[in-house]
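What follows is the residue order along each chain.
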Amino acid sequence: MTQHGEGAVRVRFAPSPTGHLHLGGLRTALFDWLWARKTEGQFILRIEDTDRKRYDADSVTSLMQGLRWLGLEWDEGPDIGGPYASYVQTERREIYQKYAQKLIDRGHAYRCYCTSERLEAMRAEQRRNKRPTGYDRHCRRLADAMRTRREAEGIPSVVRFAVPEAGVTVFTDLLRGDIQVDNRQLRDEVLLKADGLPTYHLAAMVDDFLMNITHILRGEEWLATAPLHKLIYDAFGWEMPVLVHLPVILDPSGKGKMSKRKRTVAGKEYLALAHEFRDAGYLPDAMFNFLVNVGWNFDPDQEVFGREEAIERFCLEDINPSAAALPYEKLDWLNSLYIRALPASELKKALLPFLSRQLQLSEDELETDRKLDILIPVIQERIKRLDEAAEWLDWAYLDADEISYSDPKLLIGRKLNAAQSIEILRVGASLLEEVDPFAAETIHQAFRQKAEALGVKAGGFFGPFRGAITGKKVSPPLFESIEALGRQETLRRIERALRELEG
Ligand code: GLU
């Protein structure tokens, strides 16, 4: 009996809502999405929430936000429904119970009444004897009469899969070919727990079958239990979907698996969760471009590509099965390219939430602020992440007396002394009182001419003004900064700087 083989591709992303969406999960979802879009198939979101101990209610929202942020819209899922609803496993418990019973009826599964004390003692014994731990199949051999008695006594039970005691199981992974496992290495894993909810082994197999899934893309950590999954499929008489175990993503050191938390390696912090990348100011298009190349390669000679190109070229067979380190520096580089490519108005829109949070101003206030229209285009090439913009712009939102001149050198031009810098600031202030229009280009002209007339190098002449108006060593180009600040505020800051120098 098969339910698939012909017809459209159907892939699913099936996260367990036990926490925030991790980069590995995001990459799995991305490959699912690419494959579905390429084949004009369906991408399904299914929530695997049967582990109630690890369940975290907020993570479903967070998972969906992460996928949407990257632009991975699903065709069927818990929030939008679909022909195979429900897409939440706890809402499907009767289905799994029915299928567990089918396996029992066919002799492929059995009820196990062992208490946790007995199982603990069994494991301790196995460890003592230096044997591999695992269920000893005690209840598999229970006589019918014993079973009936336990049922009559109302002893709680789980359902375990009855792995064949001899023989080998062969399954195929698209990237790794045929893999053969001796059945004696497999355990009679629990399919249905005492609370009536299924484990992954039962729920995912039943759902993948019922939902007509054609390709299972999942993390490499599931490779070890794939033989069990093949046996479950066989026991039902179903044909297994194509299995694609995606390579592990290593941290930048290339040594360990990516951690689920932010970590610092060699003094640099690196992120691990989808929302951390969003909050740090990576653009979804840059992240998309970056992640497509983690475990797959668009083209060794082309690092930058768009969604449509990726869809067109993507191919499951070309996924590289070996683990690879995450090239974070590439993400920063890509992000800066994508930032530069944005029209200034879109960059402004993308920056508003960041600036609002970091500068503590409302988005409405910032949206109509003309300083941003002047300054954003000139910092566009200087930021790698959206969260870096505030550092370039914060000075423009301070009052004149809030500017800090903690480093006195800031106010003194290169190769000049304090007296000369005072003189230059005075001369400049009178130019700024007059200049018309009050625009970067005209101010620049006026300053340059004055510097020449005084025989001072432009850099030395401009320096004190940069320090005076921003209080910073690194800041956006001077004349756009002056224009953005406006005549009155610029003069006020120069006044303050003069008092500072004279005092
Ligand atoms: N719920 C499983 C997980 O989060 C899904 C694995 C799969 O895709 O089959 O790891």
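Preceding block: the structure.
Reference entry: report on the structure contained in this document. Quantities reported herein were computed from a predicted structural model and do not represent experimental measurements. (Residues numbered from 1 in each chain as written. Predicted model: local features only at pLDDT ≥ 70, side-chain atom pairs only at ≥ 80, totals over all residues. Heavy atoms only, no water.)

With respect to the pairing of strand E1 (residues 10-13)
- Going residue by residue along E1, you find Arg10 and Arg12 tucked away on one face and Val11 and Phe13 tucked away on the opposite face as well.
- Of the pairings in the sheet, the one linking E1 to strand E2 (residues 42-45) comprises four bridges and is parallel in character. For Arg12, the partnering residue across the bridge sits in E2 and is Ile44. (Buried < 20%, exposed > 50% of the residue type's maximum accessible area, 1.4 Å probe, protein only. Helix = DSSP H or I, 4+ residues; strand = E, 2+ residues; numbered from the N terminus. Pairing = 2+ DSSP bridges.)

Regarding the sheet that holds strand E4 (residues 158-161)
- Read across the sheet, three strands follow the order E3-E4-E7 without closing on themselves; strand pairing throughout is antiparallel. Edge strands, defined here as strands with exactly one partner in the open sheet, are strand E3 (109-112) and strand E7 (190-192). Each strand axis lies, on average, 45° off the axis of its neighbour in the sheet, ignoring direction.
- Bridge count for E3 against E4 is four bridges, and the pairing is antiparallel. (Axes fitted to C-alpha atoms, helices over the stretch in contact; angles between N-to-C directions.)

Focus: the state of the cysteines
- Throughout the structure, instances matching the rule amount to zero disulfides.
- With no disulfide of its own, Cys112 lies 3.9 Å from the sulfur of Cys114, the closest cysteine sulfur.
- Residue classification places Cys112 among the buried positions, given a relative accessible area of 3%. (Disulfide = S-S within 2.5 Å.)

Comments concerning the packing of helix H17 (residues 440-454) against helix H18 (residues 458-470)
- Taken N-terminus to C-terminus, the directions of H17 and H18 make an angle of 130°; their axes are 9 Å apart at the nearest point. The orientation of H17 with respect to H18, classified from their angle, is oblique. Two secondary-structure elements touch here, H17 through His444, Phe447, Arg448, Lys450, Ala451 and Leu454 and H18 through Phe461, Phe462 and Phe465.
- Here the residues of the contact of H17 with H18 sort into six nonpolar, one polar and two charged. (Parallel < 35°, antiparallel > 145°, perpendicular 65-115°, else oblique. Contact = heavy atoms within 4.5 Å. Nonpolar A, V, L, I, M, F, W, Y, C, P; charged D, E, K, R; others polar.)

So, the side chain of Lys371
- Tracing the backbone through its elements, the reader meets Lys371 in helix H14 (residues 370-379).
- Each residue touching Lys371, except ones within four places of it in the same chain, is listed here: Ala396, Tyr397 and Ala484.

Observations concerning the packing of aromatic side chains
- Taken as a whole and judged by the stated rule, the model has 21 aromatic pairs.
- The interplanar angle of 85° and the centroid separation of 5.8 Å between the aromatic rings of Trp33 and Phe288 together place this pair among those described as edge-to-face. Taken together, the positions of Trp33 in helix H1 (residues 23-39) and Phe288 in helix H9 (residues 284-292) put the pair 255 residues apart, joining distant regions of the chain. Both residues of the pair, Trp33 and Phe288, count as buried.
- Between Phe447 and Phe465 the ring centres are 4.8 Å apart and the planes differ by 65°, which places this aromatic pair in the edge-to-face class. Note that Phe447 is positioned in helix H17 and Phe465 in helix H18, a separation of 18 residues in sequence. With respect to class, Phe447 is no different from Phe465; both count as buried.
- Through a chain of ring-to-ring contacts, the aromatic side chains of Phe31, Trp296, Phe298, Phe305 and Phe314 assemble into a single cluster.
- A cation over a ring is seen here: Arg160 above Tyr135, with NZ or CZ 3.7 Å from the ring centre.
- Across the ring face of Phe354, the terminal group of Arg357 is positioned such that the distance to the ring centre comes to 5.2 Å. (Phe/Tyr/Trp six-rings, centres within 6.5 Å; stacked < 30°, edge-to-face > 60°. Lys NZ or Arg CZ within 6 Å of the ring centre and 35° of its normal.)

Side note on helix H4 (residues 116-128)
- In this model H4 runs 18 Å from its N-terminal to its C-terminal C-alpha over 13 residues, within 8% of the 18 Å that 1.5 Å per residue would give.
- Inspection of H4 places Leu119, Met122 and Gln126 among the buried residues, and these make up the whole buried set. The arc that holds every buried residue of H4, seen down its axis, measures 60°, which confines them to one face. Opposite the buried face of H4, at more than 90 degrees from it, the exposed residues are Glu117 and Arg128.
- Buried-residue contacts for H4 involve E4. (Expected span 1.5 Å × (residues − 1). Arc of directions from axis to C-beta.)

A look at the site of the ligand
- Close contacts around the ligand come from Arg12, Ala14, Pro15, Ser16, Glu48, Tyr200, Leu217, Arg218 and Trp222, and that covers them all.
- Take Arg12: an N or O atom from its side chain is 2.7 Å from an oxygen atom of the ligand.
- In this structure, Trp222 approaches the ligand through a side-chain N or O atom, which is 3.4 Å from an oxygen atom.
- For the ligand, whose accessible area on its own is 290 Å², the fraction buried by protein is 81%.
- Its residues placed into classes, the shell around the ligand shows five nonpolar, one polar and three charged. (Near = heavy atom within 4 Å. Polar contact = N/O pair within 3.5 Å; in protein donor to acceptor, adjacent residues only side chain to side chain. Areas by Shrake-Rupley, 256 points an atom, 1.4 Å probe, with all protein chains shown as cover.)

Limitation: the analysis is restricted to geometry and does not speak to function.
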